[in-house]
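Analysis of the macromolecular model
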Amino acid sequence: MNDKHILIIAELDEDRLKPVTFELSHHAKNMESNPDNILLVITGTAPGHAAREASERTGLDVLCVTVSGTEFMTNATRKDVVVSAAKRFNPSYILCPHSSEGTDYGPGLAVRLSAACISAVNGITRGEDGSLLFSRSICGGQYNALMKPDTKPAVILVQPGLFPTEKNQGEPGRIIAETYTTQIGHIRMTGIEKTRESSSELGQAKVIVAAGRGVGNKENLDAIRRFAALFPGAAVAGSRPLIDMGWLEYRYQVGITGNVVSPPVYIACGISGSTQHIAGMGTSGYVIAINSDPHAAIFNVSDLCIVDDIIGFIDAFEDFEKEE
Amino acid sequence: MNILVLIKQVPQTEAATEINPAGSYIERSPVTLYKMNRFDEYALEEALRIKETCPETRVDVITLGPEHAKEVIRRAYGMGADNGIHILADNSNYLDPSAVAARIGEEAAKGNYDLIFAGIMSEDMMQSQTGQMVAEVLGLPCVSSVVALTLDERAGKVMVKRELEGGVRHSLEADMPVVLTVQAGINTPRYPTLSKVLKANGKDITTITENPVPPRQTCVLIRYPEKQRAGVVVEGSRADKVRELARILRQKNIMR
Ligand SMILES: Cc1cc2nc3c(=O)[nH]c(=O)nc-3n(C[C@H](O)[C@H](O)[C@H](O)COP(=O)(O)OP(=O)(O)OC[C@H]3O[C@@H](n4cnc5c(N)ncnc54)[C@H](O)[C@@H]3O)c2cc1C
Ligand SMILES: Nc1ncnc2c1ncn2[C@@H]1O[C@H](COP(=O)(O)O)[C@@H](O)[C@H]1O
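Read on for a plain summary of the structure. (Residues numbered from 1 in each chain as written. Chains lettered and ligands numbered in written order. Predicted model: local features only at pLDDT ≥ 70, side-chain atom pairs only at ≥ 80, totals over all residues. Heavy atoms only, no water.)

1. Some words on the overall build of chain A
Helix and strand counts for chain A come out as nine helices and 17 strands. Dimensions along the principal axes, computed over C-alpha positions, put chain A at roughly 75 × 50 × 40 Å. Taken over 324 residues, chain A has a buried fraction of 60%. Of the accessible surface of chain A, which amounts to about 12500 Å², a share of 47% is contributed by carbon and sulfur atoms. For chain A, the distance from the average position of its 28 positive side-chain charges to the average position of its 38 negative side-chain charges is 8 Å. (Helix = DSSP H or I, 4+ residues; strand = E, 2+ residues; numbered from the N terminus. Buried < 20%, exposed > 50% of the residue type's maximum accessible area, 1.4 Å probe, protein only. Areas by Shrake-Rupley, 256 points an atom, 1.4 Å probe, with all protein chains shown as cover. Lys, Arg positive; Asp, Glu negative; His and termini not counted. Charge placed at Lys NZ, Arg CZ, Asp CG, Glu CD.)

In structure tokens:
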């Protein structure tokens, strides 16, 4: 079999392809002009349908690996499958999603292949010498770092949801079907739970007032609630640490592991603006951020920036409204 | 049981660092303050809870960083850790996680650990890689993003839940020794106690000198992120800011 310049590792939700797979194929085609040099790898207990869909929608060749010997496939197995594919196809880049699953197997995969691993990639550019550079956000979004891999292959984990998916106009790609039998290993998956209790309140709100760690303590959430009460149709939400600390219920969490919201107005109060939070509110209509740190990353994704102590500001705002 | 927890010293979000003059990495500024990576507090707490329920459990912590990284080991002692290992390393340039994992793995291999905990992510480098890489270096199984843990010491295994996006959780069972990376919210990390902090001051820290491992990637450039929206900063006194926000919200029909 011919070498491939790029391997794309697809992500499935049960047996269906997740959109990130098509974001990765979009990236791969920007990195490599000849699609024949790109191979999409799909691994699962019943991946046939996904493989056909992927070959039609991307036009890329697909390596479809059916795993038997287990009801639920683990990432340990996925890692074995991708290592074997990497040894045969000798790629320069292995693109995976920077998702919970991708970060579970990607770093270990890189160690096995003696490869660099660049994660949470939010952009791909070319350096002056034409080499590919991968940008990623660091320090809670305060800076962007441009990284260059020094190995072949390099494992690249790309942040989902930041880039367009693509649709192929041409012929579907070839499907190479293989099977893989797993042994019962040191990790066994015993079940899948869906605890999604998405809050319709957040979905319908005209304004979301979201509190972060900057509010200081649970009692101060009252100030956030009073602030929200000034705006008809407003709802209160929070960043993940507030849910982790038990200040708010999970259904009010905004972010990659919570709700993805898009209200006409989003007011971020004492929220730093980490990538995981922005993934849940970045498409809001008008974003206002109130934060005491003028360098907070949230200001980069805000229309209006107010540098102030959140509680002091809200108190003053309430007083002003009473006088009006 | 022997448990190892990977703890990292990171700059506090609010007390920011700066971009170095070469633009190749970040450096500390006069206002920079450090703390223990928030996710590692959850990892350490999980280890300390096991120590409280399983007799004869030892909790070691390990950190790789410059001299001042010792402060996180002292904090871990204050929370109840037994032994601290400090791999002395210059971090004034980007440290490749595979190199960090190779060094930590080398030390971890000497300790006969049943459980190794790491945080899900470091707040400064935000890679979500190091714990998983340590597992691979040691040839151990690994579960990342753990939000619930039950230990069955007799059977030599753990039952865990790992979190995916949008409220999905996978239940898994893993044989020890195993590496687990811990997500926030799994517990409520304790504060150091005064008596333990006082004792910690006299406690030894095993310091291991640097033995650099070649990196597999280079940080070429650090820059401030581009503004993705208008980013209009409301200037003036607090009263001015209040008035301006009220005006804008009225204009947008958000407020009567
Ligand atoms: C896999 C994974 C998934 C995650 N999923 C999510 C998610 O779904 N949602 C989410 O939100 N996070 C998520 N996180 C966590 C995320 O990385 C950040 O840790 C979190 O978003 C930070 O929350 P924060 O902004 O409230 O707190 P911090 O980052 O601590 O920021 C607090 C902010 O408040 C400001 N501040 C402090 N005092 C004041 C004051 N008096 N007045 C005004 N401002 C003040 C500070 O300047 C700072 O900017 C996830 C992390 C991981 C690893
Ligand atoms: N220099 C370090 N010293 C000790 N532990 C570390 C170090 N770097 C990373 N870790 C551990 O690895 C986890 C993930 O870090 P990262 O891969 O940088 O996101 C952290 O939460 C720590 O538990």
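2. Examining the pairing of strand 4 (residues 38-44) of chain A
Residue and element names in this part refer to chain A. Of all seven residues in strand 4, seven are buried, a share of seventy percent or more. Along strand 4, one buried face is formed by Ile38, Leu40, Ile42 and Gly44 and the opposite face, lined by Leu39, Val41 and Thr43, is buried too. Across four bridges, strand 1 (residues 6-9) lies against strand 4 in parallel orientation. Directly across from Ile8, in strand 4, lies its bridge partner Leu40. Alignment of strand 4 against strand 5 (residues 61-68), held across six bridges, turns out to be parallel. Residue pairing across strands places Gly44 opposite Thr66, the latter belonging to strand 5. (Pairing = 2+ DSSP bridges.)

3. Thoughts on the pairing of strand 1 (residues 2-6) of chain B
All names here are of chain B. Of all the five residues making up strand 1, five are buried; the element is thus mostly covered by neighbouring parts of the structure. Taking every second residue as pointing to the same face, both faces of strand 1 are buried, with Asn2, Leu4 and Leu6 on one and Ile3 and Val5 on the other. Where strand 1 and strand 6 (residues 58-65) come together, five bridges link them in parallel fashion. Bridging across to strand 6, Ile3 finds its partner in Val59.

4. A short note on the site of ligand 1
Residues in contact with ligand 1 amount to 29 residues; listed here are only the nearest, Arg213, Ser239, Thr257, Ser272 and Asp309 of chain A. Among the chains of the assembly, those with residues near ligand 1 are chains A and B. Interatomic distance of 2.8 Å between a side-chain N/O atom of His277 of chain A and an oxygen atom of ligand 1. For ligand 1, the accessible surface in isolation is 980 Å², of which the surrounding protein chains cover 90%. (Near = heavy atom within 4 Å. Polar contact = N/O pair within 3.5 Å; in protein donor to acceptor, adjacent residues only side chain to side chain.)

5. Structural notes on the packing of aromatic side chains
Per the stated rule, a full pass over the model turns up six aromatic pairs over all chains. Centroid distance Tyr93 of chain A to Phe134 of chain A: 5.9 Å. Interplanar angle 55°. Geometry classified as tilted. In this pair, Tyr93 of chain A is assigned in strand 6 (residues 93-97) and Phe134 of chain A in strand 8 (residues 132-138), connecting sequence segments 41 residues apart. As far as the burial class goes, Tyr93 of chain A and Phe134 of chain A line up, both buried. Judged by centre distance (6.3 Å) and plane angle (70°), the ring pair of Tyr25 of chain B and Tyr94 of chain B falls under edge-to-face. Of this pair, Tyr25 of chain B sits in the loop between strand 3 (18-19) and strand 4 (26-27) while Tyr94 of chain B is found in the loop between strand 7 (83-88) and helix 3 (97-108), placing the two residues 69 residues apart along the sequence. For Tyr25 of chain B, a relative accessible area of 7% puts it in the buried group. By way of ring pairs, the aromatic residues Phe227, Phe231, Phe313 and Phe317 of chain A are connected into one cluster. Above the face of the Phe22 of chain A ring, Arg57 of chain A is positioned so that its terminal group lies 3.7 Å from the ring centre. Sitting over the ring of Phe39 of chain B, Arg38 of chain B keeps its end group 4.9 Å from the ring centre. (Phe/Tyr/Trp six-rings, centres within 6.5 Å; stacked < 30°, edge-to-face > 60°. Lys NZ or Arg CZ within 6 Å of the ring centre and 35° of its normal.)

6. Comments concerning the site of ligand 2
All names here are of chain B. The immediate surroundings of ligand 2 are formed by 17 residues, with Asp40, Leu64, Ser122, Ser128 and Thr130 found nearest. In this structure, Asn37 approaches ligand 2 through a side-chain N or O atom, which is 3.0 Å from an oxygen atom. Here an oxygen atom of ligand 2 sits 2.7 Å away from a polar atom, N or O, in the side chain of Thr130. The fraction of the free accessible surface of ligand 2 (480 Å²) that becomes covered by protein chains is 98%. Every element with two or more residues in the shell around ligand 2 is listed here: strand 6 and strand 8 (115-119). A per-element tally of the shell around ligand 2 places strand 6 first, with three residues. Looking at the shell around ligand 2 residue by residue, the class counts come to seven nonpolar, eight polar and two charged. (Nonpolar A, V, L, I, M, F, W, Y, C, P; charged D, E, K, R; others polar.)

7. A few points about the interface of chain B and chain A
On the side of chain A, 94 residues touch chain B, which itself brings 80 residues to the contact. In this assembly, chain B packs against chain A so that about 7500 Å² is buried in total across both faces, 54% of it on carbon and sulfur atoms. For the pair chain B and chain A, the interface holds eleven salt bridges. Arg229 of chain B serves as the salt-bridge partner of Asp303 of chain A, at 2.9 Å between the closest nitrogen and oxygen. At the junction of chain B with chain A, the criterion picks out 47 residue pairs in polar contact (both at pLDDT 80 or more). With nine residues, the single largest contributor to the side of chain B that touches chain A is helix 6 (residues 238-251) of chain B. Partitioned by chemical class, the residues of the side of chain B that touches chain A number 36 nonpolar, 18 polar and 26 charged. The pairing of strand 17 (residues 304-307) of chain A with strand 15 (residues 232-233) of chain B spans two bridges and is parallel. Residue pairing for strand 15 of chain B: Leu304 of chain A is matched across the bridge by Val232 of chain B. (Contact = heavy atoms within 4.5 Å. Buried area = accessible area lost by both parts, 1.4 Å probe. Salt bridge = Lys/Arg side-chain N within 4 Å of Asp/Glu carboxyl O.)

8. A few points about the pattern of salt bridges
What the rule picks out here adds up to 41 salt bridges over all chains. Put simply, Glu178 of chain A and Arg88 of chain A hold a salt bridge, and the shortest N to O gap is 2.8 Å. With Glu178 of chain A in strand 11 (residues 175-181) and Arg88 of chain A in helix 3 (residues 75-89), this pair connects stretches of sequence that are 90 residues apart. Look at Arg88 of chain A and you get partly exposed, because its relative accessible area is 35%. A salt bridge links Asp104 of chain A to Arg162 of chain B, with the shortest nitrogen-to-oxygen separation between them at 3.8 Å. Pair noted here: Asp104 of chain A is in helix 4 (residues 100-112) and Arg162 of chain B is in strand 10 (residues 157-163), and the two residues belong to different chains. Of the two residues, Asp104 of chain A and Arg162 of chain B, both sit in the buried class. If you follow the salt bridges from partner to partner, you end up with Arg78, Glu101 and Asp104 of chain A together with Arg162 of chain B in one network.

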